[in-house]
Amino acid sequence: MTMPTTDDQAQARCSGGAVALTLHGAPIVSLVCYCDTCQEGSRRIEALPNAPAVREPDSGTAYVSYRKDRVTYAKGASLLEDVTLEQNPKTKRVVASCCNSAILMRFDDARHWVPVYRTRFGPNAPAIQMRICTSFLPKNVVLPNDVPSHRDYPGALVMKLLRSRLAMLFRSA
């Protein structure tokens, strides 16, 4: 499904189109995560009936992160369901119950960003800027050298998140 994108906003939708997000402004970052919980969460979502693929061919999960104040549920919010990995999780992976498409992640803490599954943007998805937590890669996976790859959470990512938090506090771009 094609997701229309402009300089000011982007659309992310479930595979059936019943759930749609409008994302305002530029994303904080577009990345692929290889941590063990992202791999496990993606495997669980992909195991749901008729769920579309979430993981990249190299086992990573790609996200496009936006400030919380820039995410609008355009339609289908009542169709969203949490997928959790533990009893009392701080992180919830959210799927559209109509088609089991992975939509976004929610955090039960003070994090100011929302990771939206990059697959939900269709062909207009923002380009990947970095790969993180590559220390969790399966042994046989070789990553391309197209973007920086980091064994953990790089300073560049922390700085992007910090700048976005400050911009959010001062209500700027």
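Residues numbered from 1 in each chain as written. Predicted model: local features only at pLDDT ≥ 70, side-chain atom pairs only at ≥ 80, totals over all residues. Heavy atoms only, no water.

Asker: Before we go on, may I ask you to explain the nonpolar core in this structure?
Answerer: Note on soluble globular proteins: their nonpolar side chains tend to be buried together. Judged by nonpolar contacts, the single largest core of 21 residues is most densely connected at Leu-31, Cys-33, Ile-45, Tyr-63, Tyr-117, Ile-132 and Leu-157. Not counting residues within four places of it along the chain, the set of residues in contact with Ile-45 comprises Ala-51, Val-54, Val-83, Arg-93, Val-95, Asn-100, Ala-102 and Tyr-117. One finds Ala-10, Cys-14, Leu-23 and Tyr-66 within the second-largest nonpolar core, a separate group that totals 19 residues. (Core = buried A, V, L, I, M, F, W, Y, C linked by side-chain atoms within 4.5 Å. Buried < 20%, exposed > 50% of the residue type's maximum accessible area, 1.4 Å probe, protein only. Contact = heavy atoms within 4.5 Å.)

Asker: Would you take a moment to explain the pattern of salt bridges for this structure?
Answerer: Oppositely charged side chains are able to pair whenever their charged atoms sit close together. Applying the stated rule across the entire model yields 8 salt bridges. Among the salt bridges present, the one from Glu-40 reaches Arg-43, with a minimum N-O distance of 3.2 Å. Pair noted here: Glu-40 and Arg-43 are both in helix 1 (residues 36-46), with a separation of 3 residues, about one helical turn. A relative accessible area of 26% places Glu-40 in the partly exposed class. One salt bridge connects Asp-82 with Arg-106, and the closest N-O pair in it is separated by 2.9 Å. (Salt bridge = Lys/Arg side-chain N within 4 Å of Asp/Glu carboxyl O. Helix = DSSP H or I, 4+ residues; strand = E, 2+ residues; numbered from the N terminus.)

Asker: What should I look at first to understand the pairing of strand 2 (residues 20-24) in this one?
Answerer: Regular strands place side chains that alternate from one sheet face to the opposite one. Summarising burial for strand 2: 4 of the 5 residues are buried, a large majority. Where strand 1 (residues 9-13) lies against strand 2, 5 bridges are found, and the strand directions are antiparallel. Paired with Ala-12 across the bridge in strand 2 is Leu-21. In sequence, strand 1 turns back onto strand 2 through a hairpin of 6 residues, with Gly-17 there showing a positive phi of about 85 degrees. Direction of pairing for strand 2 relative to strand 5 (residues 71-75): antiparallel, over a ladder of 4 bridges. Along strand 5, the bridge assignment pairs Thr-22 with Thr-72. (Pairing = 2+ DSSP bridges.)

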